[in-house]
There are 2 protein chains.
Amino acid sequence: MECPIEVVVNLLGDKWKVLIMRNLLLRGTQRFGELSRGINGVSQKMLTQQLRQLETDGLIGRKIYPEIPPRVEYSLTEFGQTLKPVFDAMHNWGTSYLEQIGS
Amino acid sequence: MECPIEVVVNLLGDKWKVLIMRNLLLRGTQRFGELSRGINGVSQKMLTQQLRQLETDGLIGRKIYPEIPPRVEYSLTEFGQTLKPVFDAMHNWGTSYLEQIGS
């Protein structure tokens, strides 16, 4: 049997993916530009690449509105939302870490 | 204030680091060769690099026994062990995912 943690690592084992998912969890639906501005240091190329992989893996969905210019919105799928407890655990740990170092 | 999830990503935002920490959490103290065999696909160079970063960040400790040849053992520090709830959350998610896909 495969290692359960390896399953998560295979889906989220890239810091940009974790930060994209964080933004969608916290803020719901986001446009490309909003994600780009909300994630420090990510290039447009990297963001595009990681969004595509997350979509392929079924964690996020993309909706295109036929406007001019076309509007594209990203959000978590139901499957993607099931990862919330993992993000909660990271959030709790990070919060108590920041409290301890007094940041 | 810094984002708590970004704190975790900065410490663990590499799949090899997560897998190293997983091995030390599950198996306790490990020698370099044991880690190398326990982590699918990691190169010796990458493993050395990631172990050094985890040591610098205070998550793991390294103990050298003055034998011939010298024995080097790695284990989680107390600080590293505080990340267990994050790994538990990943483990739970991965387990229910594997059950659902019937693996």
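All of these numbers come straight from a predicted model, not from anything done at the bench.

Here we come to the relation of the copies chain B and chain A. Once chain B is rotated about the relating axis by 180 degrees and shifted along it by 0.0 Å, it coincides with chain A to within an RMSD of 0.0 Å. The symmetry that links the two subunits is that of a two-fold axis. Same-surface contact between copies: 100% of interface residues of chain B are shared with the interface of chain A.

An α-helical segment advances 3.6 residues per turn. Residues three or four places apart therefore align on the same side. An ideal rise of 1.5 Å per residue puts 18 Å on 13 residues; helix H2 (residues 15–27) of chain A measures up with 18 Å between its terminal C-alpha atoms. Phi for glycine 28 of chain A, located one or two positions after H2 of chain A, is positive at around 70 degrees.

Turning next to the interface of chain B and chain A. With 27 residues of chain B at the interface, the matching set in chain A holds 27 residues. Sorting the residues of the side of chain B that touches chain A by element identifies helix H1 (4–12), helix H2 (15–27) and helix H6 (84–100) of chain B as the ones contributing at least two each. Along the lines of polarity and charge, the residues of the side of chain B that touches chain A split into 17 nonpolar, 7 polar and 3 charged.

What links the strands of a sheet is backbone hydrogen bonding, and the strands pair in either a parallel or an antiparallel sense. Residues and elements named next belong to chain A. Strand order across the open sheet formed by 3 strands is E1-E3-E2, with antiparallel pairing between neighbours. Bordering the open sheet on either side are strand E1 (30–31) and strand E2 (60–65), each of which pairs with just one other strand. Here 2 bridges tie E1 to strand E3 (residues 71–76), and the two strands are oriented antiparallel to one another. Bridged to arginine 31 within E3 is glutamate 73. Along the sheet face, H2 touches E1, E2 and E3 and points at about 90 degrees away from the line of E3.

Bringing the pairing of strand E3 (residues 71–76) of chain B into the picture now. Put simply, side chains in a regular strand alternate between the two faces of the sheet. All names here are of chain B. When strand E2 (residues 60–65) meets E3, the two strands line up antiparallel, connected through 6 bridges. Opposite isoleucine 60, over in E3, you have leucine 76 as the bridge partner. A loop of 5 residues connects E2 with E3, the two strands running antiparallel in sequence.

Attention shifts here to the environment of glutamine 44 of chain A. Residue and element names in this part refer to chain A. Looking at where glutamine 44 falls in the secondary structure, it is placed in helix H4 (residues 44–56). The exposure class assigned to glutamine 44 is exposed, which follows from the 10 C-beta atoms found within 10 Å. Between the C-alpha atoms of glutamine 44 and aspartate 57, which are 13 residues apart in sequence, the distance is 20 Å.

Parameters at a glance
Numbering of residues begins from 1 in every chain and follows the order in which that chain's sequence is written. By the order in which they are written, chains take letters starting at A while ligands take numbers starting at 1. Since the coordinates come from a predicted model, pLDDT governs what is reported: local features require at least 70, and pairs of side-chain atoms require 80 or more to be given and counted, while whole-chain, interface and lining totals use all residues. To superpose the copies, least squares is applied to the C-alpha atoms of every residue with a pLDDT of at least 70 in both. Our contact criterion uses C-beta atoms placed from the backbone: two residues qualify when those atoms are within 7 Å. Counting from the N terminus, the helices are the DSSP runs of H or I reaching at least four residues and the strands are the DSSP runs of E reaching at least two. For a helix, the expected span equals 1.5 Å multiplied by the residue count minus one. Here the term charged refers only to Asp, Glu, Lys and Arg, the term nonpolar to Ala, Val, Leu, Ile, Met, Phe, Trp, Tyr, Cys and Pro, and the term polar to all other amino acids, Gly among them. At least two DSSP bridges between two strands are needed for those strands to be called paired. Axis angles are defined between N-to-C directions and span 0 to 180 degrees, where every axis is a line fitted to C-alpha atoms and, for a helix, only to the segment in contact. Buried residues are those with 20 or more other C-beta atoms within 10 Å of their own C-beta, exposed residues have 12 or fewer, and partly exposed residues lie in between; C-beta atoms are placed from the backbone.

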